Amino acid sequence: MFKTFIAGILLGIVAAAAALYFLSPVDQYREQSLIVVHPNQGNTEVFHVNVPMDRIMVGARAQQNPLPAGLEWPNDEVLADTRTELFKIRNGKDAVVGVASRIAATNEISGDIVEWVLHLPARGSVYGILQVEPTEGGFRRGELKAGTGEFAPLRGPLTERWIADTSGDEDAPAGRIEITTAFVRERVAE
Amino acid sequence: MIKYLIALLLGLAVGTAAFLALLYLNPLTAQNRLSPITVTDNDVLHLNYPAVASNMLIYTNDGESQVAPHPTKVLQLWEPPIRKTDAIATVLTNSRSQVLGVGLKFSSDSEATDILNGHLLVDSVWHIYLPGKGSLFIEQQENYWSYVRDIVIPARWNSGDNWRGNWRGNISVGPGALGTARVVGGSGIFSGLESEGLETLSSKAYSVAQGLVAADGELAIEIPRIESEPTPDP
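Remember, it's a predicted structure, so these values are computed and weren't measured experimentally. Per chain, residue numbering runs from 1 following the sequence as it is written. Just so you know, chain letters begin at A and ligand numbers begin at 1, following the order they were written in. The predicted nature of this model means local features are confined to residues of pLDDT at least 70 and side-chain atom pairs, given and counted, to a pLDDT of 80 or more, with totals for whole chains, interfaces and linings taken over all residues.

Colleague: Outline the interface of chain A and chain B, listing residues and values.
Modeller: Throughout, a residue-residue contact means that the two C-beta atoms, derived from backbone geometry, are no farther apart than 7 Å. Listed per partner, the contact involves 62 residues of chain A and 60 residues of chain B. Of all elements in the fold, only helix 1 (2-22), strand 3 (55-59), strand 4 (82-90), strand 5 (96-105), strand 6 (113-120), strand 7 (124-130) and strand 8 (140-147) of chain A reach the threshold of two or more residues within the side of chain A that touches chain B. Secondary structure counts use DSSP, requiring at least four H or I residues in a row for a helix and at least two E residues in a row for a strand, with both numbered from the N terminus. Among the elements that make up the side of chain A that touches chain B, the one with the highest residue count is helix 1 of chain A (15 residues).

Colleague: Could you give an account of the nonpolar core, with specific residues and numbers?
Modeller: One broad trend across soluble globular proteins is that nonpolar side chains are buried collectively. Within the largest apolar cluster, 78 residues are counted, with the highest numbers of intra-cluster contacts made by V99 of chain A together with A89 of chain B. With 6 residues, strand 6 of chain A is the largest single contributor of residues to this core. Throughout this description, the term nonpolar core refers to a group of buried Ala, Val, Leu, Ile, Met, Phe, Trp, Tyr and Cys residues whose C-beta atoms join them within 7 Å. Counting other C-beta atoms within 10 Å of each residue's C-beta, where C-beta atoms are placed from the backbone, gives the exposure class: buried for 20 or more, exposed for 12 or fewer, partly exposed between.

Colleague: Which residues make up the environment of E139 of chain B, and what are the values?
Modeller: Examined against the element boundaries, E139 of chain B turns out to sit in strand 6 (residues 134-143). We classify E139 of chain B as buried; it has 24 C-beta atoms within 10 Å. In sequence terms E139 of chain B and E218 of chain B are 79 residues apart; their C-alpha atoms lie 15 Å from each other. If sequence neighbours within four positions are ignored, E139 of chain B has contacts with S125 and T148 of chain A together with V125, P175, A181 and R182 of chain B.

Colleague: Explain the packing of helix 1 of chain A against helix 1 (residues 2-25) of chain B to me, and be specific about the residues and the numbers.
Modeller: Every axis in this analysis is a line fitted to C-alpha atoms, fitted for helices over the stretch in contact. Angles between the N-to-C directions lie between 0 and 180 degrees. Packing of helix 1 of chain A against helix 1 of chain B leaves a shortest axis separation of 6 Å and a crossing angle of 45 degrees. Considered as vectors, helix 1 of chain A and helix 1 of chain B are oriented oblique to each other. Read as a crossing pair, helix 1 of chain A and helix 1 of chain B show a hand that is right-handed. Partitioned by chemical class, the residues of the contact of helix 1 of chain A with helix 1 of chain B number 21 nonpolar, 6 polar and no charged. Small angles under 35 degrees read as roughly parallel and large ones over 145 as roughly antiparallel, with 65 to 115 read as roughly perpendicular and the rest as oblique. Each crossing gets its handedness from the near helix: less than a right angle anticlockwise from the far helix is left-handed, clockwise is right-handed. Each residue is assigned to one class: nonpolar for Ala, Val, Leu, Ile, Met, Phe, Trp, Tyr, Cys and Pro, charged for Asp, Glu, Lys and Arg, and polar for all the others, Gly among them.

Colleague: So what's going on with the environment of G168 of chain A? Which residues, and what values?
Modeller: Following the sequence through the fold, G168 of chain A ends up in the loop between strand 10 (157-164) and strand 11 (175-181). Residues G168 of chain A and R185 of chain A, spaced 17 residues apart in sequence, show a C-alpha to C-alpha distance of 41 Å.

Colleague: Quick rundown of helix 1 of chain B? Include the residues and the values.
Modeller: Each full turn of the α-helix corresponds to 3.6 residues, which orients residues three or four apart in the same direction. By this rule the span expected of a helix is its residue count minus one, scaled by 1.5 Å. With 24 residues, helix 1 of chain B should cover 34 Å at 1.5 Å per step; its first-to-last C-alpha distance of 34 Å lies within 8% of that length. Structurally, helix 1 of chain B contributes buried residues whose contacts are with helix 1 of chain A.

Colleague: Break down the pairing of strand 7 of chain A for me, citing the residues and quoting the values.
Modeller: Residue and element names in this part refer to chain A. Here strand 7 lies mainly inside the structure; 5 of its 7 residues are buried. Note on pairing: DSSP must find at least two bridges between two strands before they are called paired. In this sheet, strand 7 lies alongside strand 6 in antiparallel orientation, the contact comprising 7 bridges. Each residue of the ladder has a partner; that of V114, found in strand 7, is L130. The hairpin formed by strand 6 and strand 7 contains 3 residues between the paired strands. Looking at chain direction, strand 7 and strand 8 are connected through 5 bridges and run antiparallel. Pairing of G128 across the sheet is with L144, part of strand 8.

Below, the structure is given as C-alpha cells:
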C-alpha cells in the first residue's frame, strides 16, 4: 500500500506538470480578418465605430454631459485643449474586434495632433498619426507609426472618415467613424 | 482493493500539492528588481498614475471580473474578442502630483502565458499625451507572477481575505531584451523617439473582493541625450 501511495505522489507531480504544460490558460477569441488584397500589391482593412453605441469615453473639459455618466474629467488647465476618446471597434461584418483610443489636441508648443491606437487583442496594436486638417471628402490621412503583434513588421497609410447615417432607421447610429488601413510588409534590404 | 485506491488518490493529492508548492516557492521565478532604466545615464521621464480602479478616470473590463468597472455606468467589454481585455484612462502626474497629461492603456491576457515557468503574462499598450511635450506609444509585455505570489495568494490565505504590506515590483518584462518596454514617440519633442520604458507597481493593500485597494503605478521612460557632433581638430 505504501508503494501505491508513493506511485500516487509521483503520478500527481507528473499530472500537475503535464496539465500546466499542455493546457493553454489563455486562448483569445478571434474574429475573421477581413483584408482585401488589391491588384497593386496593396491590401486594405476597414474598421468602424458606430457612434454613439461604441463610445466608451469622451474626455474633454467642455463636455456638458460626460460620457460615461459619472466621469470626473480633470478641470486642469493642462488638459484644456485635449479631447480623449475610447471606443469599441468593429470589422466589416459589424462584429466587435477590439478597442481603440483617439486623442485630438491643440497645443502651441507640441503642435496639434490627431492620433489613434487600435488594439485587437488576438492580433496586435496599431499606432497611427493623422493629419489634423481633413482633406476633400472628409478624409484625414495618416501613417502607421508603430505596430505590435502581426502589425509590427507593417508600414503604410491609414485614413479616418466620419460617415453620417442616412438610413433614417429608428435604431440606427448617428453615424460611424471609418478607419481604413492599407498596410504592407516593410521591405528588408538584402 | 479499496485501500489501494485510497492510497493512490491520497498520493495523487499529495503529489499535486507538492508540485504546486514547489512552483509557488521556486526561487528561479523570483522577480528581477534591477532594470537598466534605473541605472541609465540618460534622462528619465517619470509618470505616475493611480493603480486603483476607482481612482482612475475610467476602468472597464468584461464586468464579471474581480475589479468592478468605474464609473459604474461605463460600457463593458463583454464581446468575445475583447472579453479578456481591460481599458483604463488615467491622469498622469509628476512626483509632485502636478498633472502632466493623460494616459490610456489597453491590457489583454497573453497567449504566451506559461504558469510552469512563472510567466503570467499580459500584453499591453499605452497611448500617452502630455500637452506641451507630445505623445508617446508604449508596447510591453507584463508579468504578474510576483504580484500574484506575493500579494494575491497571501490575501486568499489570510482569514480577513486581504493583504497589507509594502510591495514594489517591475511588471514590464519585454519586448526589450533586458525586460524593458518599447517606447515610440509620436509628436512634439518625442517625435522620432525610439526608446525603452519600465512600468512599476507599488501596492500597500489588496482585498480579495475588490482587488487593489491602495496602489500606485509609475512609468519610467528613458529619453536618450542628443549627442553633439564632435568638433574637428583644427
